[in-house]
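Understanding the architecture of this molecule
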Number of protein chains: 2
Amino acid sequence: MAAAAPPPPPTPAPTAPTMVPEGSTPVGYPLFARIRLAHPSDVPHIHKLIHQMAVFERLANMCTATESSLSSTLFTSPPFQSFTIFILEVSSQPFSDTPLDQNTIYTPDVQVLNLDLPIEDPEKEIFRSGIGDVTVAGFVLFFPNYSTFLGKPGFYVEDLFVRDCYRRKGLGRMLLSAVAKQAVKMGYGRVEWVVLDWNVNAIKFYEEMGAKVLSEWRICRLTGEALQAYGNGN
Amino acid sequence: MAAAAPPPPPTPAPTAPTMVPEGSTPVGYPLFARIRLAHPSDVPHIHKLIHQMAVFERLANMCTATESSLSSTLFTSPPFQSFTIFILEVSSQPFSDTPLDQNTIYTPDVQVLNLDLPIEDPEKEIFRSGIGDVTVAGFVLFFPNYSTFLGKPGFYVEDLFVRDCYRRKGLGRMLLSAVAKQAVKMGYGRVEWVVLDWNVNAIKFYEEMGAKVLSEWRICRLTGEALQAYGNGN
């Protein structure tokens, strides 16, 4: 979650296009979607996505992250052991390159969306990634948390964001599902995130994905000067 | 946070005894309190504390943690890099032993409480720790989280528990402050935790400590069979 901000939810997609596994015969305008692990070289794109998310949440003034602060605090541990980012890429052609992380740590997830119309992406050049017309469309940032009751770890999803022109196509669900799949693969007990109480569409969407909303809990946050005071022996 | 359970808050302590730094001249019945890093050898005590917490929260049926599940999932990373536990010990005498972790990673925090009456601990033998009458009185479990808006990590406090006979003496505040101090020391941006919305005493206490309660946010949780379904390609 950004500042006092929501991870913009994957918008409910009642008219979402059919999403089929890679290799199926595409119809209409196919959009190939791939989820892969982020690399340090993705930081400029990640930084732009975070700022777009802040603008979307009308909290741009609270967003002080820089490429430098992200570079120095992310990618400090192997994937899944601490802060981890999945990048969502899209392409009108099948992916011909091999992601750097296509190894034993994570096998990228590829799906094909059959669209009725092609997508006009006004920021295609800014978010170009790799060869061909591969474009970064979104990301999810998550990290391990721990349940003492279960006696095992889980994942906490801090942010999930899909760029405007790629919304309502099931891509947010694809990102969240990728985290859930990884949690199951690792034997973890939970996946958790937060939602704004007035965002009924998002809550409905999450409940349809199988999540429960814990209505009685409130987040407490110690930050800024109030936190710094504890460094002086408060 | 345990299951759907609260980290039992440090109870507001309007009549809390004076807490003074180690080395001050004790008056009345002194209780020496020390916070140190947990070790794998603390797991039996940690397991008992977690189950006492579950009983306190009336959620004992949801607590499936065992010594084995805790041992295999905790202590897998260096302290502060992932799941981290501080143990709270008390003693009627100054601590004469040196904790195993009294090194560069964490310097134990010692305070002295001047009590009007000595504390009767009916479980003193069960929670005996080290030499003399050193007794485990509580714990806090926390781990790094991440703010994309700040572009830096913080700490999330999953559980904070003080055994019944040691409550209302400022020891919960001492545990939470220890996490806040460590966050400041590491240059982290936040400390966060959750509280039940009806627990007005705890909310008041946290606000007095400088925390803000984020009233609009709700936690979403995907667990159990709903989570497992994602492992099958849902």
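See above for the structure.
The structure reproduced in this document is the subject of the present report. Computed from a predicted structure; not experimentally measured.

**Structural notes on the overall build of chain A**
- Of regular secondary structure, chain A possesses 5 helices and 9 strands.
- Moving toward the C terminus, one meets the helices and strands of chain A in the order β-β-α-α-β-β-β-β-α-β-α-β-β-α.
- A total of 234 residues make up chain A; the buried ones form 57% of that total.
- Summarising the internal contacts of chain A: among those between residues at least 6 apart in sequence, 79% fall at separations of at least 24.
- With the model as given, the accessible surface of chain A reaches about 9,800 Å², and the carbon-plus-sulfur share is 53%.

**Comments concerning the interface of chain A and chain B**
- Chain A puts 75 residues into the contact, and the matching count from chain B is 75 residues.
- For the pair chain A and chain B, the number of links is 4 salt bridges.
- The partner of Arg-218 of chain B in a salt bridge is Asp-197 of chain A, with the nearest N and O atoms 3.4 Å apart.
- Where chain A touches chain B, the interface holds 32 residue pairs in polar contact (both at pLDDT 80 or more).

**A short note on the pairing of strand S4 (residues 109-115) of chain A**
Residues and elements named next belong to chain A.
- Burial analysis of S4 places 7 of its 7 residues in the buried class, the great majority of the element.
- The two faces of S4 match: Asp-109, Gln-111, Leu-113 and Leu-115 on one face and Val-110, Val-112 and Asn-114 on the other face are all buried.
- Direction of pairing for strand S2 (residues 29-37) relative to S4: antiparallel, over a ladder of 7 bridges. Each residue of the ladder has a partner; that of Pro-30, found in S4, is Asn-114.

**Some words on the relation of the copies chain A and chain B**
- Superposing chain A onto chain B takes a rotation of 180° plus a shift of 0.0 Å along the axis, which leaves an RMSD of 0.0 Å. Viewed as a symmetry operation, the transformation between the two copies matches a two-fold axis.
- Both copies contact each other with a shared surface, as 100% of the interface residues of chain A are interface residues in chain B too.

**Examining helix H3 (residues 171-185) of chain B**
Residue and element names in this part refer to chain B.
- Given a rise of 1.5 Å per residue, 15 residues ought to cover 21 Å, and the 21 Å separating the end C-alpha atoms of H3 matches this to within 8%.
- Taking burial as the measure, the 15 residues of H3 include 12 buried ones, the bulk of the element.
- Every buried residue of H3 is listed here: Leu-171, Gly-172, Met-174, Leu-175, Leu-176, Ser-177, Ala-178, Val-179, Ala-180, Gln-182, Ala-183 and Val-184.
- Immediately beyond the C-terminal end of H3, within one or two residues, lies Gly-187, with a positive phi of roughly 75°.

**Observations concerning the nonpolar core**
- One finds Ile-50, Leu-70, Ile-85 and Phe-139 of chain A together with Ile-50, Ile-85 and Phe-139 of chain B to be the most contacted residues of the largest nonpolar core, which totals 58 residues.
- Those residues in contact with Ile-50 of chain A that lie beyond four places of it in its chain are Cys-63, Leu-70 and Phe-139 of chain A together with Thr-148 and Phe-149 of chain B.

**Points about the environment of Thr-73 of chain B**
- Mapped onto the fold, Thr-73 of chain B is located in helix H2 (residues 67-73).
- It is 19 Å that separates the C-alpha atoms of Thr-73 of chain B and Gln-228 of chain B, two residues lying 155 residues apart in sequence.
- Leaving out residues up to four positions away in the same chain, Thr-73 of chain B has contacts with Tyr-146, Gly-151, Lys-152 and Pro-153 of chain A together with Phe-83 of chain B.
- A distance of 2.7 Å separates polar atoms of two side chains, one belonging to Thr-73 of chain B and the other to Tyr-146 of chain A.

**Details of the pattern of salt bridges**
- For the structure on display, the rule yields 24 salt bridges over all chains.
- Here Asp-42 of chain A and Arg-36 of chain A are joined by a salt bridge, their closest N and O atoms 2.9 Å apart. Considered together, Asp-42 of chain A and Arg-36 of chain A belong to a single accessibility category, that of buried residues.
- The salt bridge involving Glu-123 of chain B is made with Arg-163 of chain B; its shortest N-O contact spans 3.4 Å. One end of the pair, Glu-123 of chain B, is in the loop between strand S4 (109-115) and strand S5 (135-147); the other, Arg-163 of chain B, is in the loop between strand S6 (152-162) and H3, with 40 residues separating them in the sequence.

**Considerations on helix H4 (residues 200-208) of chain A**
- Looking only at H4 of chain A, the buried set comprises Ala-202, Ile-203, Phe-205 and Tyr-206 of chain A. The buried residues of H4 of chain A occupy an angular sector of 160° when the element is viewed end-on, so they sit on one face. Exposed side chains of H4 of chain A directed beyond 90 degrees from the buried face belong to Val-200, Lys-204 and Glu-208 of chain A.
- Contacts from the buried residues of H4 of chain A go to helix H3 (171-185), strand S7 (190-196) and strand S8 (212-214) of chain A together with strand S9 (217-223) of chain B.
- In the segment just after H4 of chain A, Gly-210 of chain A is the residue with positive phi, at about 105°.

**Structural notes on the packing of aromatic side chains**
Residue and element names in this part refer to chain B.
- On inspection of all chains with the given rule, the structure shows 26 aromatic pairs over all chains.
- Aromatic side chains Phe-80 and Phe-86 sit 6.1 Å apart centroid to centroid with 75° between the ring planes, which places their arrangement in the edge-to-face category.
- Judged by relative accessible area, which is 4%, Phe-80 ranks as buried.
- Centroid distance Phe-80 to Phe-142: 6.2 Å. Interplanar angle 35°. Geometry classified as tilted. In this pair, Phe-80 sits in the loop between H2 and strand S3 (84-91) while Phe-142 sits in strand S5, placing the two residues 62 residues apart along the sequence. In terms of burial, Phe-80 and Phe-142 fall into one category: buried.

Thresholds applied
- Residues numbered from 1 in each chain as written.
- Chains lettered and ligands numbered in written order.
- Predicted model: local features only at pLDDT ≥ 70, side-chain atom pairs only at ≥ 80, totals over all residues.
- Heavy atoms only, no water.
- Helix = DSSP H or I, 4+ residues; strand = E, 2+ residues; numbered from the N terminus.
- Buried < 20%, exposed > 50% of the residue type's maximum accessible area, 1.4 Å probe, protein only.
- Contact = heavy atoms within 4.5 Å.
- Areas by Shrake-Rupley, 256 points an atom, 1.4 Å probe, with all protein chains shown as cover.
- Salt bridge = Lys/Arg side-chain N within 4 Å of Asp/Glu carboxyl O.
- Polar contact = N/O pair within 3.5 Å; in protein donor to acceptor, adjacent residues only side chain to side chain.
- Pairing = 2+ DSSP bridges.
- Least-squares fit on C-alpha atoms with pLDDT ≥ 70 in both.
- Expected span 1.5 Å × (residues − 1).
- Core = buried A, V, L, I, M, F, W, Y, C linked by side-chain atoms within 4.5 Å.
- Arc of directions from axis to C-beta.
- Phe/Tyr/Trp six-rings, centres within 6.5 Å; stacked < 30°, edge-to-face > 60°.

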